[in-house]
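A closer look at the structure
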Amino acid sequence: MASLAEEIKRRRTFAIISHPDAGKTTLTEKLLLFGGAIHIAGAVKSNKIKKTATSDWMEIEKQRGISVATSVMGFNYGDYKINILDTPGHQDFAEDTYRTLTAVDSVIIVVDVAKGVEQQTRRLMEVCRMRNTPVIIFVNKLDREGRDPFEILDELEAELKISVRPLSWPINIGAKFKGVYNIYEQSLDLFTPNKQKVSERVEIDNVNDARIDDAVGEKDAQKLRDDLELIEGVYPEFNVEDYRAGLVAPVFFGSALNTFGVKELLDCFVEIAPSPKPVTAEERTVEPYEEQFSGFVFKIHANMDPNHRSCIAFVKVCSGKFERNAPYRHIRSGKVLRFAAPTAFMAQKKSIVDEAYPGDIVGIPDTGTFKIGDTLTEGEMLHYKGLPSFSPEMFKYIENTDPMKSKQLEKGIQQLMDEGVAQLFINQFNGRKIIGTVGQLQFEVIQYRLLNEYGAQCRWEPISLHKACWIESDNPEDLAAFKKRKYQFMAVDKEGRDVFLADSGYVLSMARQDFPTIRFHFSSEF
Ligand code: G4P
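Quantities reported herein were computed from a predicted structural model and do not represent experimental measurements. (Residues numbered from 1 in each chain as written. Predicted model: local features only at pLDDT ≥ 70, side-chain atom pairs only at ≥ 80, totals over all residues. Heavy atoms only, no water.)

Examining the overall build of the protein chain
When you go through the protein chain residue by residue, the secondary structure sums to 14 helices and 31 strands. Counting only residues that meet the buried cut, the protein chain has 56% of its 526 residues in that class. Taking as baseline every contact in the protein chain between residues at least 6 positions apart, the subset at least 24 positions apart corresponds to 72%. Carbon and sulfur atoms make up 49% of the accessible area of the protein chain, which totals about 22700 Å². (Helix = DSSP H or I, 4+ residues; strand = E, 2+ residues; numbered from the N terminus. Buried < 20%, exposed > 50% of the residue type's maximum accessible area, 1.4 Å probe, protein only. Contact = heavy atoms within 4.5 Å. Areas by Shrake-Rupley, 256 points an atom, 1.4 Å probe, with all protein chains shown as cover.)

As C-alpha cells, this is what we get:
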C-alpha cells in the first residue's frame, strides 16, 4: 500500500480557466480522454451553461445539477492521480471560480490564439497572482487564423502580468499550420487536419536535424530555427522552481479540438506541476504530510429540487488522511461530526469513499451545517484562510413582499450568503439590506431559491452603486470623521467589517482626496 507521502506526491489538483469559448470544455474533455476517464468526445457538457447567454437560468440550474458530477473530475494518468476542478463558464458565477481557485495547487489557462487575453482571464489571473498559484498557458485553436505567436506572448506578459516562457512553438498558423516543435522535449509533431489521425511524430535529434526540413519544407524549417533562436535570446531558460513560485508561466501551443499539443501539455504538466502544497491557516502553516487530517469547505452546491433540500459541501483535504466515519471537529460550531457517506469523484462518477488524501476533494452531504471557508480537523483549532470577498459589480436592495414570512426570508438570505451565492451588506443608516452580485443572473437565482426553498418572497429595488470599498486607516479619528461624513453610504459586510458604498467613481476619487489617510480596498483582505 502506498504511504501518505507517496499518495501526496502523485497528486495534481488544478483548474482550467479561460474566457468563455476559448476551449476550456474541449481541453478538459481531451485530458479526460487521455486519462481513460471517458471514452467518447462530447461527454463533457457541463459548462455549456455559458451558451445560455440570456437569463434562462432555470436551464442553467438544471445543468448545474448535472454538473455536480463534473465539479471534480478525478482520474489516474500513469502514476499520477489527477483532480480537475471544474469552474462555471458563465461569468455571472465568477465568484464560484474565485473560490475554486483556493482549492487548487496550480492552474492551466486556455487562451484563444485569435482573441488573445480576454477580460475574464485577466480577472482570474489576478486571483492566481494573489496566491502565487503556478500557471501554465495553453494557446488554443492554432488550426484557425490567429495572431503572431510572439505578439501573443507579449500580450500574455503585459495583460496577465507574469513572465512567460514558451515550451513549444508552432510552425505557421491557420490554414498553413504544420505542427508544433516541442522545446521542452526537443521533438516535432506534425499536424494533419484529419480527425482520425491528427499528429505524426517526426524523430529528430535537435532543431538542426535535416528531417525537419524534409517534414515541413526548408523555408518553414528555417523560420522555426530563427524563431527558436530569438526565443532563446529573449526568454531566460525555463526554471521549474520559478514556475512553481508563480513567477513564470510556461506556454504551449496547440488545438484542443484536434487533440493536438494536448498530450505534450499533459505530460509536461504532470512532471512540473506541484503536488499539494502547504496551506496557510490563521494559526500556522499546515504541511500536507502531517499525520492528522485537516481540510476546508471551498464550495457548497445546493440541490435545486425542493423535495431534497440537501446540499453537497466540497471539502479540500489539506493534510493527513481523511477517513469515512472518523470523528472530525467542525471548528466554527465546535461540534464533532462523522461523515457516513462522503463521496469522491472519479471519472465523472460519484461514489462513496473510505479515505482521501491531500489534494483530493471529498463531497459531504449537508443540510445546512457548513459555510464556505469552514475548517475540519481532528481536533486542533485551525482556521484556514479562504479567499477575500471582492467588491460586487451589481447591487440591489432586497425587500420582503410577504410580511408573514419575514423569518423565512431572514433565514433564507443568511443561508444563501453562507453558501456564497452573493454578498450581503447592511446599510448602517437605515438598516436596509443590499445584495451585491457579479451578474444579473444571481439576483434571479436568489429570488427563485428564496421562494422555492424557504417559502419567502422578495423583490428587488434599484440602488445605484459603483463599488463596495473596505476601508482602513492608521488614524482612528480620520476613520470616525469619514464614517460620520458618509454615514448614508456606510454599511457592514457579513463579518461586521466597515464598507463604504461609493455611488460613483467620482465620489470615490473625491473621498480619496479629502481623506488621504484612509485606504480604500476593493477586496476584504489587504
Ligand atoms: P469554453 O469551454 O472555453 O467555453 O469553450 P469550448 O471548449 O466549449 O469551445 C468553444 C468552441 O471552440 C467550440 O465550438 C469548440 O468546438 C471550439 N474549439 C475548441 N478548441 C478548438 C480548436 O482547437 N480549434 C477550433 N477550430 N475550434 C476549437 P462551438 O461550435 O461553439 O461548440 P461545439 O458545438 O463544437 O461544441
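Still to come is the rest of the account.
A word on the environment of Ile171
Relative to the helices and strands, Ile171 resides in strand β7 (residues 168-171). When its relative accessible area of 3% is taken as the criterion, Ile171 is described as buried. What Ile171 contacts, discounting residues up to four positions off in sequence, is Lys176, Phe177, Lys178, Gly179, Leu188, Val216, Asp220 and Leu224.

What to know about the pattern of salt bridges
In the structure shown here, the tally under the stated rule is 40 salt bridges. With a shortest N-O distance of 2.8 Å, Asp360 and Arg11 are connected by a salt bridge. Taken together, the residues span a long stretch of sequence, with Asp360 in the loop between β21 (355-356) and β22 (361-366) and Arg11 in strand β1 (residues 11-18) at a distance of 349 residues. Residue classification places Asp360 among the buried residues on the basis of a relative accessible area of 6%. Each of Glu7, Arg10, Arg11, Lys81 and Asp360 takes part in one network of salt bridges that share partners. (Salt bridge = Lys/Arg side-chain N within 4 Å of Asp/Glu carboxyl O.)

What to know about the side chain of Asp418
The topology assignment puts Asp418 in helix α11 (residues 406-419). Asp418 sits in the buried class, given a relative accessible area of 15%.

Points about the confidence of the model for the protein chain
Looking at the protein chain, pLDDT values average 88 and 90% of them are 70 or higher. Ignoring residues within four places in sequence, the model shows residues 46-55, a span with pLDDT below 50, making 28 contacts including any to other chains. Note on residues 65-69: pLDDT under 50 across the span, and 9 contacts to partners over four residues away in sequence or across chains. (pLDDT = per-residue confidence, 0-100.)

Things to note about the packing of aromatic side chains
For any pair of aromatic rings, the description rests on two quantities: the centre-to-centre distance and the angle between the ring planes. Inspection of every chain in the model, using the stated rule, returns 23 aromatic pairs. Here the aromatic residues Phe482, Phe500, Phe515 and Phe520 are joined through ring pairs into a cluster of three or more. The ring of Tyr397 carries the charged tip of Arg432 above its face, separated from the ring centre by 3.6 Å. (Phe/Tyr/Trp six-rings, centres within 6.5 Å; stacked < 30°, edge-to-face > 60°. Lys NZ or Arg CZ within 6 Å of the ring centre and 35° of its normal.)

What about the layout of surface pockets?
Here the largest pocket is characterised by a volume of approximately 860 Å³. The wall of the largest pocket is formed by 32 residues, among which Ile372, Gly373, Leu387, Lys494 and Glu495 lie closest to the centre. Put simply, the parts of the chain that give the lining of the largest pocket at least two residues each are α4 (94-100), β14 (294-302) and α11. By residue number, the principal contributor to the lining of the largest pocket is β14, which donates 3 residues. Along the lines of polarity and charge, the residues of the lining of the largest pocket split into 11 nonpolar, 9 polar and 12 charged. Considered as a void within the structure, the second largest pocket measures approximately 500 Å³ in volume. (1 Å grid on protein atoms, 1.4 Å probe; cavity = no way out; pocket = protein on both sides within 12 Å on 5 of 7 lines; lining within 4 Å. Points joined across faces, edges and corners; volume = space filled by probe spheres on them. Nonpolar A, V, L, I, M, F, W, Y, C, P; charged D, E, K, R; others polar.)

A short note on the sheet that holds strand β24 (residues 394-400)
The sheet built from 8 strands is open, its strands ordered β27-β24-β26-β25-β29-β30-β28-β31 with antiparallel pairing. The open sheet has two free edges, formed respectively by β27 (458-462) and β31 (518-521), since each of these has just one partner strand. Strand-to-strand twist across the sheet, computed as the mean angle between neighbouring axes with direction ignored, equals 40°. Where strand β25 (residues 423-427) meets strand β26 (residues 433-437), 4 bridges bridge the pair, whose relative direction is antiparallel. Looking at the pairing, Gln423 lines up with Gly436 of β26. Each of β24, β25, β26 and β27 touches α11; the most contacted strand, β26, lies at about 35° to it. Against the sheet, helix α13 (residues 476-485) contacts β28 (467-473), β29 (490-492), β30 (498-502) and β31, and its axis sits at roughly 150° relative to β28. (Pairing = 2+ DSSP bridges. Axes fitted to C-alpha atoms, helices over the stretch in contact; angles between N-to-C directions.)

A short note on the sheet that holds strand β10 (residues 199-202)
Pairing is antiparallel in the open sheet, where 4 strands are placed in the order β7-β8-β9-β10. Both outer strands of the open sheet, β7 and β10, are each paired with one neighbouring strand and no more. Between one strand axis and the next, the sheet turns through 25° on average, direction left out of account. Here strand β8 (residues 179-182) pairs with strand β9 (residues 187-191) via 4 bridges, running antiparallel. When the bridges of β9 are listed, Gly179 appears paired with Leu190.

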